[in-house]
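Listed here are the chains, written in short residue letters.
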Amino acid sequence: MLADRKISSKDLAERINLSENNLSRIKTGRIKAIRFSTLEALCTELECQPGDLFEHVPPSADPSVR
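Residues numbered from 1 in each chain as written. Predicted model: local features only at pLDDT ≥ 70, side-chain atom pairs only at ≥ 80, totals over all residues. Heavy atoms only, no water.

Q: Before we move on, can you summarise the overall build of the protein chain with the specific residues and values?
A: A tally of helices and strands in the protein chain yields five helices and zero strands. N-terminal to C-terminal, the α/β element order of the protein chain is α-α-α-α-α. Principal-axis analysis of the C-alpha atoms places the extent of the protein chain at approximately 35 × 20 × 20 Å. Relative to its full complement of 66 residues, the protein chain shows a buried share of 21%. Taking all contacts inside the protein chain whose residues are at least 6 apart in sequence as the whole, residues at least 24 apart take part in 38%. Working note: accessible area of the protein chain is about 5400 Å², and carbon and sulfur atoms make up 47% of it. Side chains of the protein chain carry 10 positive and 10 negative charges; the gap between the two charge centres is 8 Å. (Helix = DSSP H or I, 4+ residues; strand = E, 2+ residues; numbered from the N terminus. Buried < 20%, exposed > 50% of the residue type's maximum accessible area, 1.4 Å probe, protein only. Contact = heavy atoms within 4.5 Å. Areas by Shrake-Rupley, 256 points an atom, 1.4 Å probe, with all protein chains shown as cover. Lys, Arg positive; Asp, Glu negative; His and termini not counted. Charge placed at Lys NZ, Arg CZ, Asp CG, Glu CD.)

So, in structure tokens, the structure goes:
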């Protein structure tokens, strides 16, 4: 999505007032929750829907989840 919009992670983080570290965690799926305000800011900046950013992986399909 970032490449399609020609925006760097650093620029996006600045635009939505989020640390680059937290944005990285969102991008890599190393988060357990996300604030609706953060999700809304991401979708606004990237001009997309939440479903364009996230994919649900059932626990049984992800061996790292127990």
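After presenting the structure, the write-up continues.
Q: Give me the lowdown on the nonpolar core, citing residues and values where you can.
A: Judged by nonpolar contacts, the single largest core of 13 residues is most densely connected at Leu12, Leu23, Leu42 and Leu46. At the level of secondary structure, the elements contributing two or more residues to this core comprise helix H2 (9-15), helix H3 (20-28) and helix H4 (36-46). Residue contributions to this core peak at four residues, all from H4. (Core = buried A, V, L, I, M, F, W, Y, C linked by side-chain atoms within 4.5 Å.)

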